[in-house]
Amino acid sequence: MRPKRTRVLTTFPTKEPENKRRNCSQTAQKNIKLSKMCYVIITSVSLVWFLCTLVADMFVAVALVTPKWLIGPSIGGANWSLATPGSNQRLESVGIYTRCKQMQQLGYHCGRFDLDGFATDGSVYPLEWKLAMFCLSLGLVLLSLTVCATLLTCCRQSAFGKSIHNMTACAQVLAGIAVMLALFLHPLGWRAARVQRLCGQEAEPFYPADCSIGISFYCALVGILLTFAAAGISLKAESSNLRTRVRRRIESGSKLVCIP
C-alpha cells in the first residue's frame, strides 16, 4: 500500500501589516514635519482667552498699587460720594502698602508706609496686610506668566509632554485663589491703629466704621472673576486650536492660521 501523502499548507504573509506600518510611519513623519514648521494659530476663542487674562492682570495690578482699599470720611461728616467735582475735596485713604493723607507742610500726599518692607513694625504695617501683600503679589506674578503663556500657545500646544493650556489654566486658578486670600486678609487688619485713626475707634475686622470700600477692592474682585473665567476659557481654546480646519490649513503650508 502506498503511504498517504500529507499536504502542507503554506501561508503567505499578507501586505496588510506592511501597509499599516507604512501608514504609521508616514503619519509620524507628517507629525514631525508639522511640529518643526513655524506657524501661528489665532482663533476667536484664543483671542478672548488672551484678552481676558490680560485685563485680569491689569485689574490685579491696579488693586495692588493704588491706595484706595479704604476711603476715609469726608470733612464735616458729609458723604464723600456727594462731593461736587469743583470742590477739589480729596479724601484720605489707605491701601495695602500705601496711603494718602493731608499733611501740614506737604498738603495732600500719597506714599508708602512699609518703609522696611515686610520687616516694618506691626503697629505701622499690620501682619494681615503683609500676608495680603504677599498673596496679591503672587497672584499678579502668576497672571503675568499666564499672559505670556497664552501668546506661546499660538505657536506651541505642549511643553515637556504636558498641554500648555492645562498648565496655564492651573496657574490661573492658583492666581485667583491667591488674590481671593488677599481680599480676605485685608479686612482682618482693620483693627489696626492706622485704620482706627482713619475710620474711627469702632473699626474692626470686616467693619470699616466711618470708612467706605474703595475702588481698589472692587478692582481685585473683578480681577478674581476674570481670572477664573480665563481658566475656563483655556479648555475651550485648546479644543479650538486642534480643530480639523486648523490642521488642514497647517498641512496646506499656511504659516498664519486665523479662524473665527
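Bear in mind that the values here come from a model prediction, so they are computed numbers and not experimental data. (Residues numbered from 1 in each chain as written. Predicted model: local features only at pLDDT ≥ 70, side-chain atom pairs only at ≥ 80, totals over all residues. Heavy atoms only, no water.)

## Observations regarding the packing of helix α2 (residues 44-65) against helix α4 (residues 164-188)
Phase 1 of the analysis: At their nearest, the axes of α2 and α4 sit 13 Å apart, and the two run at 25 degrees to each other. Judged by the angle between their axes, α2 and α4 are roughly parallel. Here α2 and α4 pass one another in a crossing that is left-handed. Side by side, α2 and α4 meet where W49, T53 and V60 of the first sit next to H165, T168, Q172 and V179 of the second.
Phase 2 of the analysis: Here the residues of the contact of α2 with α4 are counted per class, giving 3 nonpolar, 4 polar and no charged. (Axes fitted to C-alpha atoms, helices over the stretch in contact; angles between N-to-C directions. Helix = DSSP H or I, 4+ residues; strand = E, 2+ residues; numbered from the N terminus. Parallel < 35°, antiparallel > 145°, perpendicular 65-115°, else oblique. Left-handed = near helix turned anticlockwise from the far one by under 90°. Contact = heavy atoms within 4.5 Å. Nonpolar A, V, L, I, M, F, W, Y, C, P; charged D, E, K, R; others polar.)

## Describing the side chain of S234
Phase 1 of the analysis: Assignment of secondary structure puts S234 in helix α6 (residues 215-241).
Phase 2 of the analysis: Residue S234 is classed as buried on the basis of its relative accessible area of 0%.
Phase 3 of the analysis: Of the polar contacts made by the side chain of S234, one reaches the backbone oxygen of A231; its length is 2.6 Å. (Buried < 20%, exposed > 50% of the residue type's maximum accessible area, 1.4 Å probe, protein only. Polar contact = N/O pair within 3.5 Å; in protein donor to acceptor, adjacent residues only side chain to side chain.)

## Description of the sheet that holds strand β2 (residues 70-71)
Phase 1 of the analysis: Strand order in the open sheet formed by 5 strands is β5-β4-β3-β2-β8, and the pairing between neighbours is antiparallel. Edge positions in the sheet fall to β5 (107-112) and β8 (212-213), since each has one partner strand and no second.
Phase 2 of the analysis: Taken together, the 2 bridges between strand β3 (residues 93-94) and strand β4 (residues 98-103) define a ladder with antiparallel strand orientation. The partner of V94 across the bridge, within β4, is R99. (Pairing = 2+ DSSP bridges.)

## Side note on the layout of surface pockets
Phase 1 of the analysis: Taken as a whole, the second largest pocket holds about 170 Å³ of empty space.
Phase 2 of the analysis: Lining the second largest pocket, in full, are E92, S93, V94, R99, C100, K101, R194, R197 and L198.
Phase 3 of the analysis: Elements that contribute at least two residues to the lining of the second largest pocket include exactly β3, β4 and α5 (193-199).
Phase 4 of the analysis: Its residues assigned to classes, the lining of the second largest pocket comprises 3 nonpolar, 1 polar and 5 charged. (1 Å grid on protein atoms, 1.4 Å probe; cavity = no way out; pocket = protein on both sides within 12 Å on 5 of 7 lines; lining within 4 Å. Points joined across faces, edges and corners; volume = space filled by probe spheres on them.)

## A few points about the side chain of T168
Phase 1 of the analysis: Along the chain, T168 falls in helix α4.
Phase 2 of the analysis: Using a relative accessible area of 4% as the deciding quantity, one classes T168 as buried.
Phase 3 of the analysis: At 2.7 Å, the side chain of T168 and the backbone oxygen of I164 are in polar contact.
Phase 4 of the analysis: Leave out the neighbours within four places in its chain, and T168 touches W49, T146 and A149.

## Quick word on α4
Phase 1 of the analysis: Here α4 is 25 residues long and its end C-alpha atoms lie 37 Å apart, about the 36 Å a rise of 1.5 Å per residue gives.
Phase 2 of the analysis: Backbone nitrogen of H165 and a side-chain oxygen of the N-cap are separated by 3.4 Å at the start of α4; the cap is S163. (Expected span 1.5 Å × (residues − 1).)

## Notes on the state of the cysteines
Phase 1 of the analysis: Evaluated as defined, the whole model comprises 2 disulfides.
Phase 2 of the analysis: Shown here is the disulfide that connects C100 with C110, its sulfur atoms set 1.9 Å apart. An S-S torsion of about 115 degrees defines the bridge between C100 and C110 as right-handed. Linking C100 in strand β4 with C110 in strand β5, this pair joins segments that are 10 residues apart in sequence.
Phase 3 of the analysis: With relative accessibility at 2%, the residue C100 sits in the buried group.
Phase 4 of the analysis: Across a sulfur-sulfur distance of 1.8 Å, C199 and C211 are joined as a disulfide pair. The S-S bond linking C199 to C211 shows a torsion near -100 degrees; that makes this disulfide left-handed. Linking C199 in helix α5 with C211 in the loop between α5 and β8, this pair joins segments that are 12 residues apart in sequence. Each member of the pair, C199 together with C211, is buried.
Phase 5 of the analysis: Each bonded cysteine of the chain gets a number by its place in the sequence, and the pairs then read 1-2, 3-4. (Disulfide = S-S within 2.5 Å.)

## Section: the nonpolar core
Phase 1 of the analysis: One finds W69, L136 and C199 to be the most contacted residues of the largest nonpolar core, which totals 35 residues.
Phase 2 of the analysis: When residues of this core are traced back to their parent elements, those giving at least two are α2, α3 (127-152), α4, α5 and α6.
Phase 3 of the analysis: If one sorts the elements of this core by residue count, α3 sits on top with 8 residues.
Phase 4 of the analysis: Apart from residues lying up to four places away in sequence, C199 is in contact with L70, P208, A209, D210 and C211. (Core = buried A, V, L, I, M, F, W, Y, C linked by side-chain atoms within 4.5 Å.)

## Topic: the packing of aromatic side chains
Phase 1 of the analysis: With the rule as written, the count across this model stands at 5 aromatic pairs.
Phase 2 of the analysis: Residues W69 and F217 carry aromatic rings whose centres are separated by 5.8 Å and whose planes lie at 90 degrees to one another, so their mutual orientation is edge-to-face. Residue W69 is located in the loop between α2 and β2, and its partner F217 is located in helix α6; the two are separated by 148 residues in the primary sequence.
Phase 3 of the analysis: With centroids separated by 6.1 Å and ring planes inclined at 85 degrees, the aromatic side chains of F217 and Y218 adopt a geometry described as edge-to-face.
Phase 4 of the analysis: Taken together, W69, F217 and Y218 form an aromatic cluster joined through their ring pairs.
Phase 5 of the analysis: One Lys or Arg, R194, reaches over the ring of F113 and ends 4.1 Å from the middle of that ring. (Phe/Tyr/Trp six-rings, centres within 6.5 Å; stacked < 30°, edge-to-face > 60°. Lys NZ or Arg CZ within 6 Å of the ring centre and 35° of its normal.)

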